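Each chain, letter by letter, is given below.
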Amino acid sequence: ALSFAHDFDVYSQLEGDVLNLDGVFNVLKVTEERWRSPEEPGNGEIPTSIHQTFHSRVPSSKMVNNASFLKAQNITLGYTLDNVKFLKSFRVYASVQNAFLLTNYKYGNPDINRSGATSLERNFHGYDYPVSRTFSLGLDLTF
């Protein structure tokens, strides 16, 4: 099964928390490009670390990212033979769940949130666990 979403935005709480430079959290690598001095202005997006940067965690449009995606949730390939010697049918199959995800969203799967399918937190990305990819092999025998 394929699913997709085009041209929708997600607010990333994670981004607000890992771009601050208070010194009490881990930070993203991009914070190396922070403002240091007029001679070293950085990338113009990350403030200096010499003062409290709580304002970097206040929700803003900087924490809204395009999260368009295309993903294959379940793929199953199988082969069935009927009336093989003493069997009515013989089927062998391979399956993969969460086969692939194509997106430019930088924090993983934009289609999940910590509240599941609730409508209370749509388009909100907090501290979600990654979705695992599962491979299965199977054999069905009917006598």
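It should be emphasised that the depicted structure is a prediction, and the values quoted were computed from it without experimental measurement.

K.L.:
Please clarify how the overall build of the chain should be interpreted in this entry.
P.N.:
What the chain contains, in helices and strands, is one helix and seven strands. Ordering the α and β elements of the chain from the N terminus gives β-β-α-β-β-β-β-β. Every one of the 143 residues in the chain was classed for burial, and the buried ones make up 29%. Sequence-distant contacts, at least 24 apart, represent 64% of the contacts inside the chain between residues at least 6 apart. Accessible surface for the chain amounts to roughly 9900 Å². Of this, 56% is attributable to carbon and sulfur atoms.

K.L.:
How do you make sense of the sheet that holds strand β3 (residues 64-66) when you look at a structure like this?
P.N.:
By way of backbone hydrogen bonds, the strands of a sheet pair with one another, either parallel or antiparallel. Read across the sheet, three strands follow the order β3-β2-β6 without closing on themselves; strand pairing throughout is mixed. Edge strands, defined here as strands with exactly one partner in the open sheet, are β3 and β6 (124-125). Sheet topology places strand β2 (residues 9-12) next to β3; three bridges connect them, and they run antiparallel. Residue pairing for β3: valine 10 is matched across the bridge by asparagine 65.

K.L.:
Mind showing me how you'd approach the layout of surface pockets here?
P.N.:
A water-sized probe, rolled over the atoms, reveals where empty space remains. Within this model, the second largest pocket holds a volume of roughly 250 Å³. Taken together, 18 residues form the lining of the second largest pocket, with Leu101, Gly108, Asn109, Pro130 and Val131 sitting closest to its centre. Counting residues per element, the ones that place at least two in the lining of the second largest pocket are β4 (69-84) and β5 (87-103). Residue contributions to the lining of the second largest pocket peak at three residues, all from β5. Taken together, the residues of the lining of the second largest pocket break down into 10 nonpolar, five polar and three charged.

K.L.:
I tried to follow the sheet that holds β5 on my own but got confused; where do I start?
P.N.:
Pairing is antiparallel across the open sheet formed by four strands, whose spatial order is β1-β4-β5-β7. Only two strands of the sheet have a single partner each, and these edge strands are β1 (2-5) and β7 (134-142). Pairs of neighbouring strands in the sheet enclose a mean axial angle of 10°, with direction left out of account. Sheet analysis places β5 next to β7, joined by nine bridges and oriented antiparallel. Opposite valine 92, over in β7, you have leucine 139 as the bridge partner.

K.L.:
How should I be thinking about the nonpolar core in this particular structure?
P.N.:
Nonpolar side chains in soluble globular proteins generally cluster together in the buried interior. By size, the foremost hydrophobic cluster in this structure holds six residues: Phe8, Val10, Ala67, Phe69, Tyr105 and Tyr107. Excluding residues that lie within four positions of it along the chain, alanine 67 makes contacts with Phe8, Val10, Thr103, Tyr105 and Pro110.

Reading guide: rules and limits
- Residues numbered from 1 in each chain as written.
- Predicted model: local features only at pLDDT ≥ 70, side-chain atom pairs only at ≥ 80, totals over all residues.
- Heavy atoms only, no water.
- Helix = DSSP H or I, 4+ residues; strand = E, 2+ residues; numbered from the N terminus.
- Buried < 20%, exposed > 50% of the residue type's maximum accessible area, 1.4 Å probe, protein only.
- Contact = heavy atoms within 4.5 Å.
- Areas by Shrake-Rupley, 256 points an atom, 1.4 Å probe, with all protein chains shown as cover.
- Pairing = 2+ DSSP bridges.
- 1 Å grid on protein atoms, 1.4 Å probe; cavity = no way out; pocket = protein on both sides within 12 Å on 5 of 7 lines; lining within 4 Å.
- Points joined across faces, edges and corners; volume = space filled by probe spheres on them.
- Nonpolar A, V, L, I, M, F, W, Y, C, P; charged D, E, K, R; others polar.
- Axes fitted to C-alpha atoms, helices over the stretch in contact; angles between N-to-C directions.
- Core = buried A, V, L, I, M, F, W, Y, C linked by side-chain atoms within 4.5 Å.

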